[in-house]
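What follows is each chain in one-letter form.
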Amino acid sequence: MSEDLSSKLLGPIKLHLRVTWNSQDSEIKEYIEEGVAYIDGICGESDYSVSGLPRILLKAYCRRAWSGNTSMFEEDYRRHLLRLQHENGVRRLRRNGNE
């Protein structure tokens, strides 16, 4: 994950977590990077730069990480993860079909 994307997502994630101070920015960036790796590992490469399901899932992951409990994330968000996995698969098929 690029530092630019992590920095771009920091504001919306902090807003979602209701964090107004900057002293824990590096910790939150780690949660963002972990979340992106985790979600992409299950669903394939996703676009977090725009509003949509990938960003919704990332916010949920970061909220869980912030509270110290990501252990049930996959089970609790299974339907959303499967939907994103399907959307990403269809997008890849369409892209590969046009090449």
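Scroll up to find the structure.
## Section: the environment of Leu10
- Counting through the fold element by element, Leu10 comes out in helix 1 (residues 3–17).
- Separated by 51 residues in the primary sequence, Leu10 and Tyr61 place their C-alpha atoms 13 Å from one another.
- Aside from chain neighbours lying at most four places away, what touches Leu10 is Asp25, Ile28, Lys29 and Ile32.

## Brief notes about helix 2 (residues 25–43)
- Helix length check: helix 2 (19 residues) gives 26 Å between terminal C-alpha atoms against 27 Å at 1.5 Å per residue, within 8%.
- Taken together, the buried positions of helix 2 are occupied by Asp25, Ile28, Lys29, Tyr31, Ile32, Gly35, Val36, Ile39 and Cys43. One face of helix 2 carries all of its buried residues, which in axial projection span an arc of 155°. Along helix 2, the residues that are exposed and aim more than 90 degrees away from the buried face are Ser26, Ala37 and Gly41.
- Packed against the buried residues of helix 2 are helix 1, helix 3 (53–66), helix 4 (73–76) and helix 5 (78–97).
- After helix 2 finishes, the residue Gly44 shows a positive phi value of roughly 90°.

## Section: the side chain of Lys14
- Within the fold, Lys14 resides in helix 1.
- Residue contacts for Lys14: discarding those within four places in its chain leaves Val19, Trp21, Asn22, Asp25 and Ile28.

## Here's the deal with helix 5
- Helix length check: helix 5, at 20 residues, gives a terminal C-alpha distance of 28 Å against a target of 28 Å (1.5 Å per residue), a fit within 8%.
- Turning to helix 5, its buried residues are Leu81, Leu84, Asn88 and Gly89. Projected down its long axis, helix 5 shows its buried positions confined to an angular sector of 135°, all on one face. Every exposed residue of helix 5 that faces more than 90 degrees away from the buried side is listed here: Arg79, His86, Leu93, Arg94 and Gly97.
- On its buried side, helix 5 packs onto helix 2, helix 3 and helix 4.

## Comments concerning unusual backbone geometry
- A positive phi angle, near 60°, is found at Arg18, a position not held by glycine.
- By the element assignment, Arg18 lies in the loop between helix 1 and helix 2.
- The class of Arg18 is exposed, set by a relative accessible area of 70%.

## Examining the packing of aromatic side chains
- Under the criterion given, the structure shown has 5 aromatic pairs.
- Centre to centre, the rings of Tyr61 and Phe73 are 5.3 Å apart; their planes meet at 85°, and the pair counts as edge-to-face. Of the two residues, Tyr61 sits in helix 3 while Phe73 sits in helix 4, which places them 12 residues apart along the sequence. Per residue, the accessibility class of Tyr61 equals that of Phe73, and both read buried.
- Grouping aromatic residues by their ring pairs yields a cluster made of Tyr38, Tyr61, Phe73 and Tyr77.

Rules used in this analysis
Residues numbered from 1 in each chain as written. Predicted model: local features only at pLDDT ≥ 70, side-chain atom pairs only at ≥ 80, totals over all residues. Heavy atoms only, no water. Helix = DSSP H or I, 4+ residues; strand = E, 2+ residues; numbered from the N terminus. Contact = heavy atoms within 4.5 Å. Expected span 1.5 Å × (residues − 1). Buried < 20%, exposed > 50% of the residue type's maximum accessible area, 1.4 Å probe, protein only. Arc of directions from axis to C-beta. Phe/Tyr/Trp six-rings, centres within 6.5 Å; stacked < 30°, edge-to-face > 60°.

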